Amino acid sequence: MAITRINIGPVHPSTHGVLQLVVDLDGDTIERVDPHIGYLHRGVEKLTETRMYMQNPPYMEKLDYLAPMSYDEAYVSAVEKALGIEVKERAMYIRVILLELQRIASHLFFIGTIGNDLGQMFTLFMWAYMDRDKVLDLLQEATGSRMFYVNMRLGGMLSDLPPDFEERTLETLDYVEKRIKEYESFIEKNPVFHERMKNIGILPPEKALDLGVTGPVLRASGVQYDVRKNSPYYVYDKLHFEIKILTKGDNFARYKLRLLEMRESIRLIKEAFKRMPAGDALGQPVKLRSPPTKNKIVCVSREAPKGELMMYLVADDQKPYRLSIRSPNFINLMAITHMAKGLRTADLFATLGTLDLVMGCVDR
Amino acid sequence: MAEEYPEEEFKIAKKEMDRLVYESLKGREVKPNVMFAKMSDLSRALGISKGMVKWSRVNSLWPMQFGLACCAIELMGFGSARIDAERKGYLLFRSTPRQSDVMLVAGWVTKSMVPEVKRLYEQMTEPRYVIAFGECATCGGPWFESYNIIRGIDQVLPVDVYVAGCPPKPENLFEAMIKLQEKISGKIED
Amino acid sequence: MKIKREELAQKIGEMKASGYSYLVKITAVDYVDHLTALYFLRDIDKNREETLEIDLAPTDLWLPTIIKAHTSADWYEREMSEMFDIKIKGRKAPRLLLERWDGTEGPLRKGFAWGEDYKSM
């Protein structure tokens, strides 16, 4: 039993990002995986201490660049809680609609890259990116930018939705729903996908919670935990949706769960449009009217598309004294060290792909 | 085509790590490692006219994608169905430097990544070009005051075209590609 | 709730037995005359959460490890010890996780000298 140590370097032809894996191999079977991270570390938590409160959202958005508004919204909620500002009701519905659109966009990117990881280069990616472009067009109409929108203000939004946003959204969502059926048949009627994704990379439920994973990875293992149902925020307690749970815990379950979550998001958006009240949705201007009390501590939990996101804010006069970000991708990456024993080399990247990592959030 | 490295930027910095990184990268010269780097040599050896060599070199630049962070998503959008990069010759985004002409640096570069970037650039065969895509590769971007990043990739590599934006839309990269092609065809007068 | 450093391992064991099986984050805050280490725990079935706070003096920075109770404490402790210069006793000193540098002080401390070197690079 001779062990070979190889290095899958930081620059490699998959679309994950900058991650270095040092792998111990016995023939073709993996004994141990050791990730080396930190190639994208730029000290975000330190930089937020030098900027005023509402100058920080651009930093927060560049953490997870596939669904930027989810991190931005968590930070703005923390500041609102520290100052004691209430969000207007129409603004709450608008925030929920835009957040669920982000979730659809992020899961579409996952469907695109799962083909890349299994060796089927770029066909599925071209289809999925084309659909993601259509969703990003919608967001560009609502906020003005494709990828980094700084449109949240304290107590509301920067601007209301454009007049016929609802019709165009419903058209796009019908198109996306048809495409989800096509992706399902593309993947599930193909025996190669079944062979390569079923019964590989199994994560049992007791081990999953102990390792600290959250999000779709945890729900595909059978544990019922979603921040939108456990401690609901905004209007999630008034909308009707289900949490999907699958029990197998292998790669196929993790892929299938994200597909089902996309359908739930479409239902949520349609219901939110019906219930949205008319009124005013604009928030306060950026300059704070009254500063928060010194050393006030605030803790906010949200359900980002990748997992559970928590922001812990210690407030000072004009700038945050300390902002601590609990990033879901950081601890989801640690799970690969406990899941990789016994896998083959080609399955390692398939398993890593179903964890759905964003390296900007791992390194912060 | 001679390439100059900005050597006065390799100063000795405060921390030991900076010193080690920069000391290891200083003083390496670029020797052309392809026999026919000049167009006149190539056209004489192959027996075709200079115009043919210029046409073939300008219209088929194969990129080496070096997408590190958020700008990589827009880079993939540049290669995908809506703004198609392949119609202008940018085929086959590959990760190997040995078979590519243009290096598209997209995203911020940290001190840990500087030796890798430099090594990959030196492995590319001549003639080679660099496009700095996005604000983080141009000047450091919003992370200008961070303790772990390099302020702009032009402290380490010679850059031909800069693209501004955070992130630039894929149409911007298309225009940068056309500018690079004009720059190359204007410069080739060997 | 505020506890002392000596009671940490026992308290974590008690809370795990009573249902707090999910460790959310381990982090620290640097108030200049003392540091506070924070452990966030959550109970999923009964929907409650708890935060443990430990005060440390700047001259005496060390904490025991809780890796036997929660496996996710592995990378959290490594990140906290690297950023704040807090030693973790009870496990082998791991290699640096996020940065490859050899400075003397953790970056997230308030006395970290930064910001001047951007003029020289």
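How each quantity is defined
Residues numbered from 1 in each chain as written. Chains lettered and ligands numbered in written order. Predicted model: local features only at pLDDT ≥ 70, side-chain atom pairs only at ≥ 80, totals over all residues. Heavy atoms only, no water. Helix = DSSP H or I, 4+ residues; strand = E, 2+ residues; numbered from the N terminus. Buried < 20%, exposed > 50% of the residue type's maximum accessible area, 1.4 Å probe, protein only. Contact = heavy atoms within 4.5 Å. Areas by Shrake-Rupley, 256 points an atom, 1.4 Å probe, with all protein chains shown as cover. Buried area = accessible area lost by both parts, 1.4 Å probe. Salt bridge = Lys/Arg side-chain N within 4 Å of Asp/Glu carboxyl O. Polar contact = N/O pair within 3.5 Å; in protein donor to acceptor, adjacent residues only side chain to side chain. Nonpolar A, V, L, I, M, F, W, Y, C, P; charged D, E, K, R; others polar. Phe/Tyr/Trp six-rings, centres within 6.5 Å; stacked < 30°, edge-to-face > 60°. Pairing = 2+ DSSP bridges. Axes fitted to C-alpha atoms, helices over the stretch in contact; angles between N-to-C directions. Disulfide = S-S within 2.5 Å. Expected span 1.5 Å × (residues − 1). pLDDT = per-residue confidence, 0-100. Parallel < 35°, antiparallel > 145°, perpendicular 65-115°, else oblique. Left-handed = near helix turned anticlockwise from the far one by under 90°.

Novice: Would you mind showing me how to read the overall build of chain B here?
Specialist: Secondary structure assignment for chain B yields 7 helices and 4 strands. Ordered by position from N to C terminus, the α and β elements of chain B give α-α-α-β-α-β-α-β-α-β-α. Buried positions account for 52% of the 190 residues belonging to chain B. Contacts in chain B between residues at least 24 apart in sequence constitute 75% of all its contacts with a sequence separation of at least 6. When the accessible area of chain B is evaluated, it comes to approximately 8,600 Å², of which 53% is carbon and sulfur surface.

Novice: Honestly, the interface of chain A and chain B in this entry has me stumped. Any pointers?
Specialist: In many analyses, interface size is given as the accessible surface area lost on bringing the parts together. With 34 residues of chain A in contact, the opposing surface of chain B contributes 30 residues. For the chain A and chain B pair, buried surface summed over both sides reaches about 2,900 Å², with 67% attributable to carbon and sulfur atoms. Among the residues of chain A in contact with chain B, Val-11, Tyr-39 and Arg-42 of chain A are the three that bury the most area, contributing 19% of the side total. Here chain A and chain B share 4 salt bridges between them. Across the salt bridge formed by Glu-145 of chain B and Arg-51 of chain A, the nearest N and O atoms sit 3.7 Å from each other. Applying the counting rule to chain A against chain B returns 9 residue pairs in polar contact (both at pLDDT 80 or more). Residue assignment for the side of chain A that touches chain B shows that the elements contributing at least two residues are α1 (44-47) and α5 (123-143) of chain A. Counting residues per element, the side of chain A that touches chain B draws most heavily on α5 of chain A, which supplies 9 residues. The residue makeup of the side of chain A that touches chain B, split by class, is 18 nonpolar, 7 polar and 9 charged.

Novice: Is there a simple way to explain the packing of aromatic side chains in this structure?
Specialist: Two descriptors summarise a pair of aromatic rings, namely the distance from one centre to the other and the angle between the planes of the rings. Inspection of the entire model under this criterion finds 18 aromatic pairs over all chains. Judged by centre distance (5.2 Å) and plane angle (20 degrees), the ring pair of Tyr-59 of chain A and Trp-143 of chain B falls under stacked. Within this pair, whereas Tyr-59 of chain A is found in helix α2 (residues 57-61), its partner Trp-143 of chain B is found in the loop between α6 (135-139) and β4 (161-163), the two belonging to separate chains. Comparing Tyr-59 of chain A with Trp-143 of chain B, the two get one shared label, buried. Ring plane angle 85 degrees and centroid distance 6.3 Å describe the contact between Phe-78 of chain B and Phe-93 of chain B, whose orientation is recorded as edge-to-face. Within this pair, whereas Phe-78 of chain B is found in helix α4 (residues 71-79), its partner Phe-93 of chain B is found in the loop between α4 and β2 (102-106), the two being separated by 15 residues in sequence.

Novice: Before we go on, may I ask you to explain the environment of Leu-83 of chain A in this structure?
Specialist: Residue and element names in this part refer to chain A. By the element assignment, Leu-83 lies in helix α3 (residues 68-83). Residue classification places Leu-83 among the partly exposed residues on the basis of a relative accessible area of 23%. Separated by 207 residues in sequence, Leu-83 and Ser-290 have C-alpha atoms that sit 8.0 Å apart.

Novice: Please clarify how the sheet that holds strand β2 (residues 20-26) of chain A should be interpreted in this entry.
Specialist: One key point about sheets: their strands pair by backbone hydrogen bonds, in either a parallel or an antiparallel sense. All names here are of chain A. What the 3 strands build is an open sheet, ordered β1-β2-β3; its pairing is antiparallel. Single-partner strands in this sheet number two, and they are β1 (4-8) and β3 (29-36). Averaged over all pairs of adjacent strands, the angle between their axes in this sheet comes to 20 degrees, without regard to strand direction. In this sheet, β3 lies alongside β2 in antiparallel orientation, the contact comprising 7 bridges.

Novice: Just checking my understanding: could you explain the state of the cysteines for this structure?
Specialist: In protein chemistry, a disulfide is the covalent bond that joins the sulfur atoms of two cysteines. Residues and elements named next belong to chain B. All chains considered together, the criterion is met by 0 disulfides over all chains. Free of any disulfide, Cys-70 has its nearest neighbouring cysteine sulfur in Cys-71, separated by 6.1 Å. This cysteine, Cys-136, is not joined by any disulfide, and Cys-166 carries the nearest cysteine sulfur, 5.7 Å off.

Novice: I would appreciate a short explanation of the sheet that holds strand β2 (residues 34-43) of chain C in the present structure.
Specialist: Residues and elements named next belong to chain C. The 3 strands lie next to each other as β1-β2-β3, forming an open sheet whose pairing is antiparallel. The open sheet terminates on both sides in strands that have one partner only, identified here as β1 (22-31) and β3 (48-56). Along the sheet, successive strands turn relative to each other by an average axial angle of 20 degrees, direction set aside. Where β2 and β3 come together, 9 bridges link them in antiparallel fashion. Bridge pairing in β3 places Phe-40 opposite Thr-51. Of the strands in this sheet, β1 and β2 touch helix α2 (residues 73-84), which is tilted by about 10 degrees from β1.

Novice: Whenever I open this one, helix α6 (residues 165-188) of chain A confuses me. Can you help?
Specialist: In an α-helix there are 3.6 residues to a turn, and that puts residues three or four apart on one side. In this model, α6 of chain A (24 residues) spans 34 Å end to end at C-alpha, consistent with the 34 Å of a helix rising 1.5 Å per residue. Of all the positions in α6 of chain A, only Phe-165, Thr-169, Thr-172, Leu-173, Val-176, Arg-179, Ile-180, Tyr-183, Glu-184 and Ile-187 of chain A are classed as buried.

Novice: I would appreciate a short explanation of the pairing of β2 of chain A in the present structure.
Specialist: Counting buried residues in β2 of chain A gives 6 out of 7 residues, a clear majority hidden from the surface. Counted along the chain from β2 of chain A to the antiparallel partner β3 of chain A, the turn is 2 residues long, and its residue Gly-27 of chain A has a positive phi close to 75 degrees.

Novice: Explain the confidence of the model for chain B here, please?
Specialist: In low-pLDDT regions, the fine details of the predicted coordinates are not to be read closely. All names here are of chain B. This prediction gives chain B a mean pLDDT of 76; 77% of its residues lie at or above 70. Of the regions scoring below 50 in pLDDT, residues 1-15 engages in 28 contacts with residues more than four places distant in sequence or in other chains. What the predictor reports for the complex is a pTM of 0.88 with an ipTM of 0.88.

Novice: What exactly am I supposed to notice about the interface of chain A and chain C here?
Specialist: Counting residues at the interface gives 41 residues for chain A and 37 residues for chain C. Regarding the contact of chain A and chain C, the summed buried area is about 3,400 Å², with carbon and sulfur atoms giving 57% of it. Considering only the side of chain A, the residues that lose the most area to chain C are Lys-46, Asp-210 and Tyr-321 of chain A, jointly responsible for 19% of the buried surface there. Taking the shortest distance from any N to any O, the salt bridge between Glu-308 of chain A and Arg-42 of chain C comes out at 2.8 Å. Put simply, the parts of the chain that give the side of chain A that touches chain C at least two residues each are β3, α1, α8 (205-211), β6 (297-304), β7 (307-315), β8 (320-326), α12 (328-339) and α14 (359-363) of chain A. Classifying every residue of the side of chain A that touches chain C by side-chain character gives 19 nonpolar, 12 polar and 10 charged.

Novice: Any chance you could explain the packing of α12 of chain A against helix α13 (residues 345-355) of chain A here in plain terms?
Specialist: The description of two packed helices rests on the angle between their axes and on the distance between the axes. Residue and element names in this part refer to chain A. Close contact between α12 and α13 brings their axes to 10 Å; oriented N to C, the two are set at 150 degrees. One finds that α12 runs roughly antiparallel with respect to α13. Where α12 crosses over α13, the two elements pack in a sense that is right-handed. Contact residues: Asn-332, Leu-333, Ile-336 and Met-339 in α12; Leu-348, Thr-351, Leu-352 and Leu-355 in α13.

Novice: What am I meant to see in unusual backbone geometry here?
Specialist: In this structure, the amide linkage connecting Cys-166 of chain B to the following residue, Pro-167 of chain B, adopts the cis form with an omega of -10 degrees. Assignment of secondary structure puts Pro-167 of chain B in the loop between β4 and α7 (170-187). Positive phi is not limited to glycine here, since Tyr-234 of chain A has a value of about 50 degrees. With respect to the element layout, Tyr-234 of chain A can be found in the loop between α10 (227-230) and α11 (251-275). For Tyr-234 of chain A, a relative accessible area of 15% puts it in the buried group.

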